[in-house]
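# Chain and residue survey
These are the residues of each chain, in order.
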Amino acid sequence: MTTGHDDIPFFDEEPQEAAPRRPAAAPSAPAGSGVGGIAARAMAARDAGRRPDYLAGLNPEQTEAVETLEGPLLVLAGAGTGKTRVLTTRIAHILSTGRAYPSQILSVTFTNKAAREMKERVALLVGGAVEGMPWLGTFHSIGVKLLRRHAELVGLTSDFSILDTDDVVRLIKQLIQAEGLDDKRWPAKQFAGMIDGWKNKGMTPADIPEGDARAFANGKGRELYAAYQARLKTLNACDFGDLLLHPITMFRKNPDVLKDYHQRFRYILVDEYQDTNTAQYMWLRLLAQRPKGELQNVCCVGDDDQSIYGWRGAEVDNILRFEKDFPGAKVIKLERNYRSTEHILGAAAHLIAHNEGRLGKTLFTDRTNPDDDKVQVHAAWDSEEEARAVGEEIEQLQRGDSSGLKHALNDMAILVRASFQMREFEDRFVTLGLNYRVIGGPRFYERLEIRDAMAYFRLVCQPADDLAFERIVNTPKRGLGDTAVRTLHDYARARDIPMLAAAHDLIETDEMKPKPRKALFDVVMSFRRWQERLENTPHTELAEQILEESGYTDMWKNDKSAEAPGRLDNLKELIRSMDSFESMRGFLEHVSLVMDAETNENLDAVSIMTLHSAKGLEFQTVFLPGWEEGLFPHQRSLDESGRAGLEEERRLAYVGLTRAKRHCHIWFVSNRRIHGLWQSTLPSRFLDELPATHVSVAETEQSYGGYGRGGYGQSRFDKAEPFANSYSTPGWKRAQANRTDATRDNWGSRSGHAVERIGYGESGPKARTIDGELVAKSTTETPSRFAIGERVFHIKFGNGNISGIEGNKLTIEFDRAGEKRVLDGFVERV
DNA sequence: TTAGGTTAAGTTTTT
DNA sequence: CTTAACCTAA
């Protein structure tokens, strides 16, 4: 795809006539009348004598979603219901029925990954005949494209820079200091977050609520925001929020420009509509406007049950309100799931039904199989054991399960609520020698050396980019320290010119000492040289020259540290990846917006990631550890957003469950180390919300099932089948080897008699269903075997007095550890 | 400048 | 407890 900058002028992408063929459906046809569908079918029939291939294999709802082309349409697509297929087929349908050219379809996604996938799949459907769609992309990349064309309307020039979060924070810090404020008391990072929040809501400095404005920087919040915007303008730069905000401002101020786009975009599609924030919503509303009587061909696809980004400004309300926002809208629900087993869907459906704010849809499948596993809930004593048991299970699946089915590690994923949970799994997998991959780590372009190199390139292309200048003026070390930079900075600000230009001036004067002056002279001359080559040297070659001549590569070559060779490799990789771009500018844009870390597809490895980053993915087997109160649902979410927070956490749980195709294992532990200290934890309330009919409780001896002991749990243990044949298994041997004295002691003293851990070798966890009840159920029905005031002993917290009882959950005032809530199974009378 | 010590904070993440 | 960011001393 071409980049916005050297793009073709406005409106000359398509032939002279307004549309390829007159749409068969009259624009005035009532919404949802099905006229479009009939027309399409008629057309297809005429052209090929039958329904086009791409429509084959769609279910009735999907077909309707594809063929309802005229008028607003909301497709509520549950997890695994073929959402992407509908979107891509819809585009193919629009194109192949001749309703619009590719350039007349605006198609927005949230992530580059989604955009890429859609492009590929549309290309597959339509064939090579249709060139890539110019307006298929993320909100942000389309925003950039719009801004490059009309930069002057918002006070920028079309070669503006895009700043990433790091640049933004550094800039804000400068501003805070410039205001004479204490940058410790008012952290730049926090303010950057606030600005981002305002921009997500579509607010300019004038729009922000007085309270917000006063809350920061001694009441100077608004001024600071305005100063920041002014500074961006002089830097000729945008932050990510501006990529949404500026187009909105631009459209509002220039109705004629907006009108051009109205004519252009005959069809608008939005993916993941539940994740749109207010700014994106405003953006969409502007573009979707149509004169009275004309239909808005807006199709939004989303799933309110999978809205998990409220905390970063997404408004679930956007999707809940769709029918009000777009009068005459049609709503189609996709509920037929092609991914998961009945049990997984049943569990997920029952869970999500506890949410109030939802449109209501229930996934189903008609592929039932009596052999399917139920969703399994496992208990473990602590997070270490949790990791160990999951590791065992993964190895076992890898070897092949009882039905002879062998799992590739690539088919398994561990989805955690918070990233600190990953560590224990990583540690465990390292000792096991199990391949794993962590998704969502630091990205390629966030690495130090990449950012440095990029700063050089940016400054060559955009001499006004002071942030880039400051970053590399003394990298590698040139003796241009704080004092020199300060002088430059002051000089530049006093005259309102970029720092590179200031440097140019200053080397003519004797304001600086000879040494830094010489160094600065070299820098200025180098950049002048590189800028001259920009037009006539191939950009990859130029990039190489820049890094060589600046001494940047030498800096790493001389570096003796262990990372240095890797960094040099990364730099090579960076240059290599420039090959596929037309120009250095085009490349810069992609890196700031698009580039992400590549995963090694060839490696067979278990994926470890957060629930958030798992959205949209699927795996044969999914492990969901850490289902404990406080962690999941996360305490902070509850504290900050109350019921709404809880519902979002529940949606997160729903997302987790629905990632699984065949097997889903949920874990919770009784003790978890948080901020270094051990905390006793209670099972997540979400466990209570799972239906017994689709869930089984896996009993592993080693878990001690601490859980439930006080109520009805004990008897289940008594009936547990012995794992007699397990002693000779590798798993058992490994378990023996791994058993530490500490854990043995804990266990021994806790239960009063030594209990051996057996059974997580070959025989694996035995799963049984407890009729109608789950182990995790925290009922008050069973009277507690304890009474308030009793003195008890807990293995981790020592002695204490019971101050409250709620079912099997006790509140205890420990002598040393203070007040804790623990399960009664873990304490004993003194 | 760099190393080493101190301090504070510690969900989730895309663009 | 661990990490990252920041500050001070050599």
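Computed from a prediction, not measured in an experiment: that's the story for all the values here.

### Thoughts on the overall build of chain A
A count of helical and extended segments in chain A gives 32 helices and 22 strands. The proportion of buried residues among the 830 residues of chain A is 55%. Taking all contacts inside chain A whose residues are at least 6 apart in sequence as the whole, residues at least 24 apart take part in 75%. Surface accessibility of chain A: about 35500 Å² in total, with carbon and sulfur atoms responsible for 50%.

### Overview of the sheet that holds strand β6 (residues 267-270)
Spatially, 6 strands are ordered β3-β2-β6-β7-β1-β8 in an open sheet, and the strand pairing comes out parallel. One side of each edge strand has no neighbouring strand; the edge strands of this open sheet are β3 (136-138) and β8 (330-334). Taking the axes of each pair of neighbouring strands and ignoring which way they run, one obtains an average angle of 15 degrees across the sheet. Pairing geometry for strand β2 (residues 105-109) and β6, over 4 bridges, is parallel. The residue of β6 that forms the bridge with Leu-106 is Ile-268. Across the sheet, helix α4 (residues 112-126) touches β2 and β3, and the angle it forms with β3 is around 165 degrees.

### As for helix α10 (residues 242-253)
Relative to the 16 Å expected for 12 residues at 1.5 Å per residue, α10 spans 16 Å between its end C-alpha atoms, a close match to the ideal helical length. In terms of burial, α10 is a largely internal element, 9 of the 12 residues being buried. Those residues of α10 that sit buried are Asp-242, Leu-243, Leu-244, Leu-245, His-246, Pro-247, Ile-248, Met-250 and Phe-251.

### Observations regarding the protein's contact with DNA strand C
As a matter of local geometry, DNA strand C sits amid Lys-173, Lys-184, Arg-423, His-675 and Gly-676. Backbone atoms, meaning sugar and phosphate, form 60% of the atoms of DNA strand C found within 4 Å of the protein. In this structure, Lys-173 approaches DNA strand C through a side-chain N or O atom, which is 3.3 Å from a phosphate oxygen. Residue Arg-423 places a side-chain N or O atom 3.1 Å away from a phosphate oxygen belonging to DNA strand C. Taken together, the residues of the surface near DNA strand C break down into no nonpolar, 2 polar and 3 charged.

### Considerations on the side chain of Arg-99
Along the polypeptide, Arg-99 turns up in the loop between α3 (83-96) and β2. Within the structure, Arg-99 has its side chain in polar contact with the side chain of Glu-70 (distance 3.1 Å).

### Thoughts on the protein's contact with DNA strand B
Taken together, 24 residues lie around DNA strand B, and Asn-112, His-140, Arg-417, Ser-419 and Thr-610 are the ones closest in. Counted by atom, the contact set of DNA strand B within 4 Å of the protein is 56% sugar and phosphate. The separation between a phosphate oxygen of DNA strand B and a polar side-chain atom of Ser-419 is 2.3 Å. Within the side chain of Thr-610, one N or O atom sits 2.5 Å away from a phosphate oxygen of DNA strand B. Sorting the residues of the surface near DNA strand B by element identifies α27 (611-614) and α28 (635-657) as the ones contributing at least two each. The class makeup of the residues in the surface near DNA strand B is 6 nonpolar, 11 polar and 7 charged.

### Points about the UniProt feature "binding site: ATP" (unreviewed entry) in chain A
The residues that UniProt annotates with the feature "binding site: ATP" (unreviewed entry) are Ala-77, Gly-78, Ala-79, Gly-80, Thr-81, Gly-82, Lys-83 and Thr-84. Among residues more than four places away in sequence, those in contact with Ala-77 are Lys-83, Val-301, Gly-302, Asp-303, Gln-306, Leu-334 and Lys-361. Structurally, Lys-83 is set in helix α3. By relative accessible area, Lys-83 is classed as buried at 18%. Setting aside chain neighbours within four positions, we find Lys-83 in contact with Ala-77, Asp-271, Glu-272 and Val-301. Polar side-chain contacts of Lys-83 include one of 3.3 Å to the side chain of Asp-271.

### What about the packing of aromatic side chains?
Per the stated rule, a full pass over the model turns up 24 aromatic pairs. Centre to centre, the rings of Trp-198 and Tyr-225 are 5.3 Å apart; their planes meet at 25 degrees, and the pair counts as stacked. Here Trp-198 is found in helix α7 (residues 188-200), whereas its partner Tyr-225 is found in helix α9 (residues 221-235), with 27 residues between them in sequence. We note that Trp-198, like Tyr-225, is buried. Both rings, one in Tyr-309 and one in Trp-311, keep their centres 5.8 Å apart while their planes meet at 50 degrees; by these two values the pair is tilted. Judged by relative accessible area, which is 13%, Tyr-309 ranks as buried. Site record: aromatic cluster; members linked through ring pairs are Trp-186, Phe-191, Trp-198, Phe-216 and Tyr-225. The ring centre of Phe-160 lies 4.1 Å from the NZ or CZ of Arg-148, which sits over that ring. Of note, Arg-321 hangs over the ring of Tyr-281, and the distance from its end group to the ring centre comes to 4.7 Å.

### Brief notes about α3
Taking 1.5 Å per residue, 14 residues should reach 20 Å; α3 reaches 20 Å between its end C-alpha atoms and fits that length. Positive phi shows up at Gly-98, right after α3, with a value of about 70 degrees.

### Some points on the environment of Asn-671
Position of Asn-671 relative to the elements: it lies in strand β14 (residues 660-674). We classify Asn-671 as buried; its relative accessible area is 1%. Along the primary structure Asn-671 and Arg-478 are separated by 193 residues, whereas in three dimensions their C-alpha atoms are 53 Å apart.

### Brief notes about the pattern of salt bridges
A pair can form between side chains of opposite charge whenever their charged atoms are brought close. The tally for this structure, following the rule as stated, stands at 48 salt bridges. Among the salt bridges present, the one from Asp-427 reaches Arg-423, with a minimum N-O distance of 3.8 Å. One end of the pair is Asp-427 and the other is Arg-423, both in helix α17 (residues 420-432) and 4 residues apart, which spans about a single turn. Of the residues examined, Asp-427 reaches a relative accessible area of 41% and is grouped as partly exposed. In this structure Arg-423 comes out as exposed when scored by relative accessible area, which is 58%. Each of Asp-164, Asp-166, Asp-167, Arg-170, Arg-451, Arg-458 and Asp-465 takes part in salt bridges that share partners, so that together they form one network.

### Re the nonpolar core
One finds Phe-457, Leu-488, Phe-527 and Met-584 to be the most contacted residues of the largest nonpolar core, which totals 52 residues. Take this core: its biggest share by element is 9 residues, from helix α18 (residues 448-461). Each residue touching Phe-457, except ones within four places of it in the same chain, is listed here: Ala-543, Ile-546, Leu-547, Leu-574, Met-578, Met-584 and Leu-588. Leu-146, Leu-244, Ala-288 and Cys-300 belong to the second largest nonpolar core, which has 45 residues in total.

### Some words on the packing of α18 against helix α25 (residues 564-578)
In the contact formed by α18 and α25, the axes pass within 9 Å of each other and the chain directions differ by 45 degrees. As judged from the angle between their axes, α18 and α25 are oblique. Considering how the two elements wind past one another, α18 and α25 form a crossing that is right-handed. Residue-level inspection shows Leu-448, Glu-449, Ile-450, Ala-453, Met-454 and Phe-457 of α18 in contact with α25, the latter providing Arg-567, Asn-570, Leu-571, Leu-574 and Met-578. Partitioned by chemical class, the residues of the contact of α18 with α25 number 8 nonpolar, 1 polar and 2 charged.

### A closer look at the environment of Val-169
Among the secondary structure elements, Val-169 is positioned in helix α6 (residues 165-178). Classification of Val-169 by relative accessible area gives partly exposed; the value is 21%. As for Val-169 and Leu-588, which are separated by 419 residues in sequence, their C-alpha atoms are 20 Å apart. Setting aside residues no more than four positions away along its own chain, Val-169 makes contact with Ala-188, Lys-189 and Ala-192.

### A closer look at the environment of His-539
With respect to the helices and strands, His-539 occurs in helix α23 (residues 539-549). Assessed through its relative accessible area of 14%, His-539 is described here as buried. When the C-alpha atoms of His-539 and Phe-581 are compared, they prove to be 8.9 Å apart, with 42 residues separating the residues in sequence. Those residues in contact with His-539, other than ones at most four positions away along the chain, are Met-578, Phe-581, Glu-582, Ser-583 and Met-584.

Cut-offs applied
Residues numbered from 1 in each chain as written. Chains lettered and ligands numbered in written order. Predicted model: local features only at pLDDT ≥ 70, side-chain atom pairs only at ≥ 80, totals over all residues. Heavy atoms only, no water. Helix = DSSP H or I, 4+ residues; strand = E, 2+ residues; numbered from the N terminus. Buried < 20%, exposed > 50% of the residue type's maximum accessible area, 1.4 Å probe, protein only. Contact = heavy atoms within 4.5 Å. Areas by Shrake-Rupley, 256 points an atom, 1.4 Å probe, with all protein chains shown as cover. Pairing = 2+ DSSP bridges. Axes fitted to C-alpha atoms, helices over the stretch in contact; angles between N-to-C directions. Expected span 1.5 Å × (residues − 1). Near = heavy atom within 4 Å. Polar contact = N/O pair within 3.5 Å; in protein donor to acceptor, adjacent residues only side chain to side chain. Nonpolar A, V, L, I, M, F, W, Y, C, P; charged D, E, K, R; others polar. UniProt positions renumbered as here; feature names shortened; annotations may be inferred. Phe/Tyr/Trp six-rings, centres within 6.5 Å; stacked < 30°, edge-to-face > 60°. Lys NZ or Arg CZ within 6 Å of the ring centre and 35° of its normal. Salt bridge = Lys/Arg side-chain N within 4 Å of Asp/Glu carboxyl O. Core = buried A, V, L, I, M, F, W, Y, C linked by side-chain atoms within 4.5 Å. Parallel < 35°, antiparallel > 145°, perpendicular 65-115°, else oblique. Left-handed = near helix turned anticlockwise from the far one by under 90°.

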